[in-house]
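Fold and contact review
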Amino acid sequence: MGASTRRVRLVLLFGGRSTEHSISCVSAGGVLRALDRSRYDVIPVGIDTEGRWAVLPDDSPALAPVGTDLPVVDASAGLAVTLPPSPSAAPVVVHDPSAALRDLGPVDVVFPLLHGPFGEDGTIQGLLEMAGLPYVGSGVFASAAAMDKQHMKSMLAAAGLPVGPYAVLRPGQALSEPDRERLGLPVFVKPARGGSSIGISRVDAWADLDTALKTARASDPKTLVEAAVVGREIECGVLDSLDGSGPEASVPAEVTITSSAGFYDFEAKYLSDGAVFDVPARLPGELTERVRATAVAAFEALDCAGLARVDMFVTPSGEIVLNEVNTMPGFTPMSMYPRMWAASGIDYAALVDRLVRLALRDGAGLR
């Protein structure tokens, strides 16, 4: 902020049109509570499932779950806002039915805490670029590439990084016999552009494949069928440095599934005790360093910025197989990304502050 004592004005975007709407709301609630109000003037802007934007109060029920009931943005509970796609226009315009249109004043930075399509996939990033607003996280291309698992895997493989066998099925396509033989059983069927394990099924018999495809296609017409990888499920956080020395990796974490689903599904992640977490993961020192180096290499291969969570498997022989790169991971205080960084010496509040400072440093435009 230089010599000025003005607080940084930050728009916290959350909700959105994807199936991960509620997780975004819970993440935003955690970030909102972590921001230092003596330094930041926070404007919570919720996006409902229809795509309508509204300024909401800090204590909005859209920012916290009630028991197992996940929150949902109700745009009618706040003043409607729009973001004009022009750097020369007012950055946020409020539509107050009792008054004329007015702008919300200067906005310094946006934290787009949106997960999934219409938020984490380059769409919001493009809108913010058009408006000339700095924002937290990866740019348009990296966001889009990481969201589409087909292109993410292609780019990782092109960079010489290890990915498992998979097949891509577009609308109306079925899995061929050669692909069935190549992939074997079991397989995992998932939406190509989704997250939070929504729409994912484990298939142990080919007779169940059509049902799994129908489930995945309810979220995305393009699906992936992936060969199961026998190994430990490891995650690692990547975070850009403020001094320009390049991204660094957190200590890795391990997810051990205890639920009957047999994989890290939505319920295990958010609604039950369906998994056990080791933070840090109990890996030999040499393997830990290879995991961390692989996470940074994946981050750089996709041209990510700010932050990412890199998910991978470690086989019994010590081979690393990359699974996914998430450019805006879950950000509740109990989510794996902030937990890994807390174990690495950066607590939740400091992590949030660093991400905002990175966005302010980098500004709008190509990154």
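Up top you'll find the structure we're talking about.
The rules we used
Residues numbered from 1 in each chain as written. Predicted model: local features only at pLDDT ≥ 70, side-chain atom pairs only at ≥ 80, totals over all residues. Heavy atoms only, no water. Buried < 20%, exposed > 50% of the residue type's maximum accessible area, 1.4 Å probe, protein only. Helix = DSSP H or I, 4+ residues; strand = E, 2+ residues; numbered from the N terminus. Contact = heavy atoms within 4.5 Å. Polar contact = N/O pair within 3.5 Å; in protein donor to acceptor, adjacent residues only side chain to side chain. Salt bridge = Lys/Arg side-chain N within 4 Å of Asp/Glu carboxyl O. Phe/Tyr/Trp six-rings, centres within 6.5 Å; stacked < 30°, edge-to-face > 60°. Lys NZ or Arg CZ within 6 Å of the ring centre and 35° of its normal. Pairing = 2+ DSSP bridges. Axes fitted to C-alpha atoms, helices over the stretch in contact; angles between N-to-C directions. Parallel < 35°, antiparallel > 145°, perpendicular 65-115°, else oblique. Nonpolar A, V, L, I, M, F, W, Y, C, P; charged D, E, K, R; others polar.

Attention now goes to helix H9 (residues 336-343). In an α-helix, one full turn covers 3.6 residues, which means residues spaced three or four apart are oriented alike. Those residues of H9 that sit buried are Met336, Tyr337, Pro338, Met340 and Trp341. A positive backbone phi angle near 105° is found at Gly345, which sits one or two residues after H9.

Of note, Ser27 is situated in helix H1 (residues 21-34). Exposure remark for Ser27: the relative accessible area of 0% places this residue in the buried category. Separated by 302 residues in sequence, Ser27 and Pro329 place their C-alpha atoms 9.1 Å apart. Sequence-distant contacts of Ser27, defined by excluding residues within four places in its chain, comprise Leu113, His115, Gly330, Phe331, Thr332 and Tyr348. For Ser27, the side chain forms a polar contact with the main-chain nitrogen of Phe331, separated by 2.9 Å.

This paragraph deals with the pattern of salt bridges. Within the structure shown, the criterion is met by 20 salt bridges. When the shortest N-O distance is used, the salt bridge between Asp41 and Arg9 registers 2.9 Å. Note that Asp41 is positioned in strand E2 (residues 40-47) and Arg9 in strand E1 (residues 8-15), a separation of 32 residues in sequence. Between Glu226 and Lys190 there is a salt bridge, with the nearest N and O atoms lying 3.0 Å from each other. Of this pair, Glu226 sits in strand E11 (residues 223-227) while Lys190 sits in strand E9 (residues 187-191), placing them 36 residues apart in sequence.

Moving on: the packing of aromatic side chains. Applying the stated criterion to the full structure yields 3 aromatic pairs. Ring geometry for Phe331 versus Tyr337: centroids 5.9 Å apart, planes at 45°, classification tilted. Ring pairs connect the aromatic residues Phe111, Phe331, Tyr337 and Tyr348, which therefore count as one cluster. Lying over the aromatic face of Phe118, Arg17 brings its terminal NZ or CZ to 3.9 Å of the ring centre.

Most of strand E16 (residues 307-314) sits out of view: 8 of its 8 residues are buried. Alternating positions in E16 separate into two faces, Leu307, Arg309, Asp311 and Phe313 on one and Ala308, Val310, Met312 and Val314 on the other, with burial throughout. Direction of pairing for strand E12 (residues 232-239) relative to E16: antiparallel, over a ladder of 8 bridges. Bridge pairing in E16 places Val238 opposite Ala308.

Okay, the packing of helix H3 (residues 140-147) against helix H4 (residues 149-158) next. Running from N to C, H3 and H4 point in directions that differ by 105°, and their axes come no closer than 5 Å. With respect to H4, the axis of H3 lies roughly perpendicular. Across the interface between the two elements, Phe141, Ala145, Ala146 and Met147 from H3 touch Lys149, His151, Met152 and Met155 from H4. Of the residues in the contact of H3 with H4, the class split is 6 nonpolar, 1 polar and 1 charged.

Here we come to the sheet that holds E11. Read across the open sheet, the 4 strands follow the order E8-E11-E9-E10; overall the sheet is antiparallel. Where the open sheet ends on each side, the last strands, each with one partner, are strand E8 (166-169) and strand E10 (201-203). Taking each pair of neighbouring strands and ignoring which way they run, the sheet shows an average axis angle of 25°. In the sheet, E9 pairs with E10 via 3 bridges, with the strands oriented antiparallel. Its bridge partner lying in E10, Val189 is registered against Ser201. Along the sheet face, helix H6 (residues 209-217) touches E8, E9, E10 and E11 and points at about 25° away from the line of E9.

As far as function goes, none of this settles anything; it's purely spatial.
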